Amino acid sequence: MEIKKYQFQIHGDDRGQLIALEEMKDIPFEIKRVYYMYDTLKGVRRGFHAHKSLEQILICIHGTCKILLDNGSEKVEVLLDKPYEGLYISNDIWREMFDFSPDAVLMVLASEYYDEADYIRNYDEFLKYIGKKR
Ligand code: TYD
């Protein structure tokens, strides 16, 4: 499975670091929604879904966490530990988020508004859904 990580430009100077993200430039889609997770409790694993059409970029802007990506035939674990790095997740990918450090802030940029109808929350359904498309 191809893992697409974006390394964002850091506008650093003697005051510190700054990252700017613009849609269709640094981010390969129009950003309709931003959400973030923080204060995630120890041992929590979340996600457990795929999207039919949503594209996302995940950025762990503080702390660290891991992401499991599963395309139905291959699973890959990705560590997010840099505020200047974004993990692209296309549609049709099962994802789980885990191993959050206590200080982790995981920010997600999404190509669509929140729409429960775009979710596949059952793993067997996910396998059937992508099986039909292949
Ligand atoms: P949930 O889908 O359970 O999060 P995860 O997939 O990371 O485990 O979302 C938690 C709650 O937040 C749920 O009630 C739906 C709500 N929510 C929104 O209202 N808007 C959003 O953009 C997202 C991602 C979730």
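Residues numbered from 1 in each chain as written. Predicted model: local features only at pLDDT ≥ 70, side-chain atom pairs only at ≥ 80, totals over all residues. Heavy atoms only, no water.

Enquirer: Kindly report on the environment of Ile130, identifying the contributing residues and their values.
Expert: As for its position among the elements, Ile130 is in helix H1 (residues 123–133). Linking Ile130 and Lys52, residues 78 residues apart in sequence, is a C-alpha distance of 9.4 Å. Excluding anything up to four places from it in sequence, Ile130 contacts Asn71, Gly72 and Asp92. (Helix = DSSP H or I, 4+ residues; strand = E, 2+ residues; numbered from the N terminus. Contact = heavy atoms within 4.5 Å.)

Enquirer: For the packing of aromatic side chains, give the residues involved together with the corresponding values.
Expert: Aromatic ring pairs are defined here through the distance separating the ring centres and the angle between the ring planes. A full pass over the atoms with the stated rule returns 5 aromatic pairs. Between the aromatic rings of Tyr36 and Tyr38, the centroid separation amounts to 6.4 Å while the plane-to-plane angle is 40°, which identifies the pairing as tilted. Centre to centre, the rings of Trp94 and Tyr123 are 5.1 Å apart; their planes meet at 80°, and the pair counts as edge-to-face. Of this pair, Trp94 sits in strand E8 (residues 94–98) while Tyr123 sits in helix H1, placing them 29 residues apart in sequence. Put simply, the rings of Trp94, Tyr123 and Phe126 pair up and form one aromatic cluster. The ring of Tyr88 is capped by Lys4, whose NZ or CZ atom sits 5.4 Å from the centre of that ring. Between Arg45 and the ring centre of Phe98, over which it is positioned, the NZ or CZ distance is 4.1 Å. (Phe/Tyr/Trp six-rings, centres within 6.5 Å; stacked < 30°, edge-to-face > 60°. Lys NZ or Arg CZ within 6 Å of the ring centre and 35° of its normal.)

Enquirer: Break down a nonpolar patch on the surface for me, with residues and values.
Expert: Taken together, the side chains of Val34, Tyr36 and Tyr38 define a hydrophobic patch exposed on the protein surface, amounting to about 350 Å² of accessible area. Note that Val34 resides in strand E2 (residues 33–37). Accessibility expressed as a relative area gives 45% for Val34, which makes it partly exposed. (Patch = residues over 30% accessible without salt bridge, like charges linked within 9 Å, V, L, I, M, F, W, Y side chains within 5 Å. Areas by Shrake-Rupley, 256 points an atom, 1.4 Å probe, with all protein chains shown as cover. Salt bridge = Lys/Arg side-chain N within 4 Å of Asp/Glu carboxyl O. Buried < 20%, exposed > 50% of the residue type's maximum accessible area, 1.4 Å probe, protein only.)

Enquirer: Run through the side chain of Glu96, naming residues and quoting values.
Expert: Here Glu96 shows up in strand E8. Classification of Glu96 by relative accessible area gives buried; the value is 11%. A distance of 2.8 Å separates the side chain of Glu96 from the side chain of Trp94, its partner in a polar contact. Apart from residues no more than four positions distant in its own chain, Glu96 is found in contact with Arg45, Arg46, Phe48, Lys66, Ile67 and Leu68. (Polar contact = N/O pair within 3.5 Å; in protein donor to acceptor, adjacent residues only side chain to side chain.)

Enquirer: Can you break down the site of the ligand residue by residue, with the values?
Expert: Near the ligand you find Arg33, Tyr35, Arg46, Gly47, His49, Met97, Tyr114, Tyr119 and Arg121, and these make up its full shell. Here Gly47 contributes a backbone N or O atom positioned 3.0 Å from an oxygen atom of the ligand. Residue Arg121 places a side-chain N or O atom 3.0 Å away from an oxygen atom belonging to the ligand. About the coverage of the ligand: the protein hides 58% of its 530 Å² of free accessible area. Listed by contribution, the elements that provide at least two residues to the shell around the ligand are E2 and strand E3 (46–51). Examining the composition of the shell around the ligand, we find that 3 residues originate from one element, E3, more than from any other. (Near = heavy atom within 4 Å.)

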